[in-house]
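Single-letter residue listing:
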Amino acid sequence: MTATHSDWPALLDAFRTEAETIALGGGPNAIERQHGKNRMTARERIAALIDDGSEFFELGRWAAWGMYDEWGPAPAASVICGIGVVSGHSAMIIANDATIKAGAFFPMTVKKVLRAQRIAMVNRLPLIYLVDSAGVMLPLQDEVFPDEDDFGRIFRNNAVLSAMGVPQIAAIMGNCVAGGGYLPVLCDTLVMTDGSGLYLAGPALVKSSIGQSVTHEELGGAEMHAAISGTIDFREPDEDACVARLRALAANWSAKPQAAQFRRNEEAGVNSTAEPARAVEDIYDIFKVDAQENYEVCDLLDCVIDVDSFQEYKAEFGQTLVCGYARIGGESVGIVANQHHPVKTGQGELQLGGVIYHDSADKAARFIMDCNQTWTPLVFFSDVYGFMVGRNSEQSGIIRAGAKLVNVISNSRVPKLTVITGGSYGAGNYALCGKAFDPRFIFAWPTARYAVMGSAQAAGTLLDIQIAAMKRTGEDPDVTELEALRQKIIDSYDEQTDIRYAAARGWVDEIIEPANTRAALIVALKISTRHAEDEPFRTGVLQV
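Residues numbered from 1 in each chain as written. Predicted model: local features only at pLDDT ≥ 70, side-chain atom pairs only at ≥ 80, totals over all residues. Heavy atoms only, no water.

Peer 1: Now, about the environment of A134: what can you tell me, with residues and values included?
Peer 2: Looking at where A134 falls in the secondary structure, it is placed in the loop between β4 (127-133) and α5 (151-164). The spatial distance from the C-alpha of A134 to the C-alpha of G181 is 9.8 Å, given a sequence separation of 47 residues. Residue contacts for A134: discarding those within four places in its chain leaves A102, G103, N175 and V177. (Helix = DSSP H or I, 4+ residues; strand = E, 2+ residues; numbered from the N terminus. Contact = heavy atoms within 4.5 Å.)

What follows is the structure, given as structure tokens:
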């Protein structure tokens, strides 16, 4: 999409239209069928659950985008995840979307739920599960069932979260079948509505397996589990009563203030009049859809951080990475951002924007270590082509400097948040805290792109290899054939670098509109500073 829309309004309109389609889940007919059972949809349940006037902070909206078309498809991976305020308490909400294949678990459904649990675990965030699922998508069971990051890991996480003291409430509001039945039972508190079912095997399977004829209610109805098995804690007559019960239970949670290690300027806090230096909409004038255009990253930061809060660190050294202390919504943060125009070093050498050089890598590593010393959360703004290559760069120790940067990011004890604004290529993705380096949240703009390298560079590299192989066998390269191969590689890379492709696979938590970046970071920082792992800051062996 980024290649076919030359201006922001068209690009944003296209993304909004597609997001609205995703929000329909299985579509109008499936929604009507859900209503015909006197049941709300997953999104309607969430809207009823969260506090009036609050907004649901959705994560993973684009999960499974363009995937599983032969089976459905599965918008949002058939599960809605995100953070909402329930009775005054922030909570991670995970709601099966029964309008999509009866809420079946696709491979990406599992991955999305595991990511939501991980966010809740590291931030000590209570969870509420709204369960309405037929279980594993059987044709894809080999991709869902056995591995350490598959279906069973969800139940393992339920047990670990409970042991950590993180509250978990489950509400069965429809089907809860087979292995999926363990999820609600492993939670601290279990609510169930009349008409719902909780059992390891349904009546038909029981009949075929052991020859026993049994009704739905006898096998796993709410009345049976309330009065006979004793499995559930609260039985509710309908969904409205169930939601009311969930809100009442959440009201009993103890308050979780910000961890003492972190610092917030209360006078410029989340609920105050703190504003950025520039209007957030100015981002669209600063950052163009065309990835090749230069810009001043400090101008972009002015649209995100609190006014008069930025203190640039080593401003005259390693200038292709801008580092500095700032506040966002009153929260003290450390910023690491790619500069995106050419700069000159103190020795007069020209350095290209969006490229990491040995001096900028050294500077960023030193800055990140300092932020860890002072318990300052880190926010990365990534628009990076990668590390500088060539003889001079290698002789200056670019690998050593890059390894140092990766080491300190990997061992950081403070929360890390990442916003991918443009390119995120190769090792540059690692150096700016890509998904592999445990950011608490990772957001991307519609203009973001993910790949080992750009499509043109990949095509050139692979064609050189192909030509060399042909010459070794005495063949003359066919120009027409090579051009077709080149275009095939470019088309494949363009498809895979589309940020929706990355979001579909869970490589980013959410695609956000640039003007919403500040608001998203304020929410993410509020959640990320709930808990601090009170361990000393350590790194591995650093090459110096």
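After that view, the rundown keeps rolling.
Peer 1: Give a detailed account of the packing of aromatic side chains, specifying residues and quantitative values.
Peer 2: What the rule picks out here adds up to 18 aromatic pairs. With a centroid separation of 5.8 Å and an interplanar angle of 85 degrees, the aromatic rings of F262 and W375 are classed as edge-to-face. A residue pair is termed long-range when its members are at least 10 positions apart, and F262 in the loop between α10 (239-250) and α11 (283-286) and W375 in the loop between α13 (358-373) and β15 (378-384) qualify at 113 residues. Taking the relative accessible area as the measure of exposure, W375 reaches 10% and is therefore buried. With 5.1 Å between their ring centres and 85 degrees between their planes, F287 and W445 make a pair best called edge-to-face. Here the residue F287 occupies a position in the loop between α11 and α12 (297-301), and W445 occupies one in the loop between β18 (441-444) and β19 (449-451), the gap between them amounting to 158 residues. W445 carries the same exposure label as F287, and that label is buried. Three or more aromatic residues joined by ring pairs form one cluster here, namely W8, Y284, F287, Y295 and W445. When the ring centre of F15 is taken as reference, the NZ or CZ atom of R500 above it lies at 5.6 Å. The aromatic ring of Y501 is capped on one face by R505, whose charged end is 3.5 Å from the ring centroid. (Phe/Tyr/Trp six-rings, centres within 6.5 Å; stacked < 30°, edge-to-face > 60°. Buried < 20%, exposed > 50% of the residue type's maximum accessible area, 1.4 Å probe, protein only. Lys NZ or Arg CZ within 6 Å of the ring centre and 35° of its normal.)

Peer 1: Describe the pairing of strand β10 (residues 321-328), listing the residues and the values that go with them.
Peer 2: Counting buried positions along β10 yields six of eight residues, so the element is predominantly enclosed. With three bridges joining them, strand β9 (residues 311-313) and β10 adopt antiparallel strand pairing. Counted as the bridge partner of Y313 is C323 from β10. Relative to strand β11 (residues 331-338), β10 is paired through eight bridges, and the arrangement is antiparallel. Within β11, the position partnered with C323 by the bridge is V336. What sits between β10 and β11 in their antiparallel hairpin is a turn of two residues, with G329 showing a positive phi close to 60 degrees. (Pairing = 2+ DSSP bridges.)

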